[in-house]
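Read off the chains here:
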Amino acid sequence: MIKKCDVVVIGGGPAGMAAALAADKKGAKVLLVERDGRLGGILNQCIHAGFGLHYFGEELTGPEYAHRFVLEVGKTDIEVLLNTMVLSLSDDRKLTALSPEFGLVHIEAGAVVLAMGCRERTAGAIALAGTRPAGIYTAGMAQKMCNVEGYLVGKRVVILGSGDIGLIMARRMTLEGAKVERVIELMPYSSGLKRNIVQCLEDFGIPIDYSHTVTRVVGKPRMEGLYYAPVGADRKPVLSEEKFIECDCLLLSVGLIPENDLLTDTSVEIASVTSGAVVDERRMTSVKGVFSCGNVLHVHDLVDNVSHEAETAGAAAADYAFGKYSPSAVRYRVNAGKGVRYALPQLLNAGEGEAEIFYRVDNVYRNPKIVVESGGKTLCSKKRPVLAPGEMEKVTLNLTSVTGDVTLRLEM
């Protein structure tokens, strides 16, 4: 079967649905492809509140947030393919997908929006030492088993890493009757939101050990405990100070990896820090007509920001399909300077209008100043009380003032 459309969106989570709706509003014929049996993505298992405060102006659970978009998609002519896996993507925007309903499907699109989300790092990805007993899960898998399948994965739990999913699962496991012994974090700061540190750990009296890591796991066939130790300045464990803690479950919240495997056979440039595509302010990649948004582009801390970014990509994809958008002949690079881990978008088109630059810092800074420079002049200089790696920040630039490559840096 061959399907032709103006815009194809890969991924039916919050990014994919928002992008599809934005393209539909532009009058595009949209095809939305999702490998799961329903739309919503990871939000379907996030039953805690805290979503939608910025986008909808009210607090929602993950399924509630996703359902609002599902209802909007249902009101449109957007064609949705569920249980469909995209197998390949080429630079000329031709896709091959496998569907139980249609078999092998060939898709030809005027523009492509990548919205596949991300996956978790596993025990193998971090080379976790020790035995391989039952009881070791990624935080997201434990969340699915608890919230969707109804299983309690452990009774005495240790969490490695302080990403937002891990922090939320510390609270969730406590509410389900498990004892969360502690959270162990390699870095001297948390990679999660401050509000989750307060609401999920401090409010429940769960300790967190910064600058520590798990050195080895013991137990067979079920986990019986683990050893952990402080780390030095080189982030290597100080084994002479190793301690043992008894537990039957270890949850891993040690980072997310954008699901960009589809891009292997394309010419899309990948950023080394984010592991996502290099994009311009309208989220077009280095391959014309291919756009990227959401967690497949860079890991967000708020789903509200995912939806806003996806709307930008979806609208731009529709414009490209209709011949109304193409990159400028003059483009400027956006660089991360002192104290800034990465900035996105990495490219700016010369022209008019405004562009939002999102950035993350590489450490916790108090009373820093974020400085944005271009063409030898300062475009923006703003004092901040605190900046932390777990919080996404942004500055807004007037494109007419950009006369050269842009650099974001911190001044103390």
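The structure contained in this document is the topic of the report that follows. Just so you know, these numbers come straight off a predicted model, no measurement behind them.

### Re the nonpolar core
Working step 1: Membership of the largest hydrophobic core comes to 37 residues, with the highest contact counts inside it found for Val 7, Val 9, Val 113, Phe 291 and Cys 293.
Working step 2: Those elements giving two or more residues to this core turn out to be strand 1 (2-10), helix 1 (14-25), strand 2 (30-33), helix 2 (62-74), strand 8 (103-114) and helix 6 (303-321).
Working step 3: With 8 residues, helix 6 is the single largest residue contributor to this core.
Working step 4: Core analysis: the second largest hydrophobic core is formed by 29 residues, Cys 5, Leu 31, Leu 114 and Met 116 among them.

### A look at the sheet that holds strand 13 (residues 208-209)
Working step 1: Pairing in this open sheet of 5 strands is parallel, and the strands run 10-17-11-12-13 from one edge to the other. Every other strand in the sheet has two partners, leaving strand 10 (136-138) and strand 13 as the edge strands with one partner each.
Working step 2: Lying on the sheet, helix 3 (residues 139-149) is in contact with strand 10 and strand 17 (249-252); it crosses strand 10 at an angle near 95 degrees.

### Overview of the side chain of Thr 138
Working step 1: With respect to the element layout, Thr 138 can be found in strand 10.
Working step 2: Those residues in contact with Thr 138 that sit more than four places away from it in its chain are Glu 120, Arg 121, Thr 122 and Leu 252.

### Examining the packing of aromatic side chains
One pair of aromatic rings is described through two measures. These are the centre distance and the angle between the planes.
Working step 1: Within the structure shown, the criterion is met by 9 aromatic pairs.
Working step 2: With a centroid separation of 5.5 Å and an interplanar angle of 45 degrees, the aromatic rings of Tyr 55 and Phe 69 are classed as tilted. Remark: Phe 69 occurs in helix 2 and Tyr 55 occurs in the loop between strand 3 (49-51) and strand 4 (60-61); sequence separation between them is 14 residues.
Working step 3: A relative accessible area of 4% places Phe 69 in the buried class.
Working step 4: Geometrically, the ring pair formed by Phe 291 and Tyr 325 is tilted, given 6.5 Å between the ring centres and 40 degrees between the ring planes.

### Some details on the pattern of salt bridges
Working step 1: This model, assessed by the stated rule, comprises 22 salt bridges.
Working step 2: Close ionic contact of Asp 209 with Arg 182 constitutes a salt bridge, the shortest N to O distance being 2.7 Å. Separated by 27 residues along the polypeptide, Asp 209 in strand 13 and Arg 182 in strand 12 (residues 179-184) bring together distant segments of the chain. Exposure class is identical for Asp 209 and Arg 182. Each is buried.

### Regarding unusual backbone geometry
Working step 1: With an omega of -5 degrees, the peptide bond between Lys 220 and Pro 221 qualifies as cis.
Working step 2: Mapped onto the elements, Pro 221 comes out in the loop between strand 14 (212-219) and strand 15 (223-230).
Working step 3: In this chain, Leu 344 is followed by Pro 345 through a cis amide linkage whose omega measures 5 degrees.
Working step 4: With respect to the helices and strands, Pro 345 occurs in the loop between strand 21 (340-344) and strand 22 (347-349).
Working step 5: At Arg 93, a position not held by glycine, the phi torsion is positive, near 65 degrees.
Working step 6: Mapped onto the elements, Arg 93 comes out in the loop between strand 6 (85-89) and strand 7 (94-99).
Working step 7: Taking the relative accessible area as the measure of exposure, Arg 93 reaches 18% and is therefore buried.
Working step 8: A positive phi angle, near 55 degrees, is found at Asn 367, a position not held by glycine.
Working step 9: Structurally, the position occupied by Asn 367 is in the loop between strand 24 (365-366) and strand 25 (369-374).

### A short note on helix 3
Working step 1: Within helix 3, the full set of buried residues consists of Ala 139, Gly 140, Ala 142, Gln 143, Cys 146 and Asn 147. The arc that holds the buried residues of helix 3, viewed along the axis, is 155 degrees, so those residues lie on one side.
Working step 2: Buried residues belonging to helix 3 abut strand 9 (118-120), strand 10, helix 4 (164-175) and strand 17.
Working step 3: Immediately downstream of helix 3, the backbone of Gly 150 shows phi near 85 degrees, a positive value.

Analysis parameters
- Residues numbered from 1 in each chain as written.
- Predicted model: local features only at pLDDT ≥ 70, side-chain atom pairs only at ≥ 80, totals over all residues.
- Heavy atoms only, no water.
- Core = buried A, V, L, I, M, F, W, Y, C linked by side-chain atoms within 4.5 Å.
- Buried < 20%, exposed > 50% of the residue type's maximum accessible area, 1.4 Å probe, protein only.
- Helix = DSSP H or I, 4+ residues; strand = E, 2+ residues; numbered from the N terminus.
- Pairing = 2+ DSSP bridges.
- Contact = heavy atoms within 4.5 Å.
- Axes fitted to C-alpha atoms, helices over the stretch in contact; angles between N-to-C directions.
- Phe/Tyr/Trp six-rings, centres within 6.5 Å; stacked < 30°, edge-to-face > 60°.
- Salt bridge = Lys/Arg side-chain N within 4 Å of Asp/Glu carboxyl O.
- Arc of directions from axis to C-beta.

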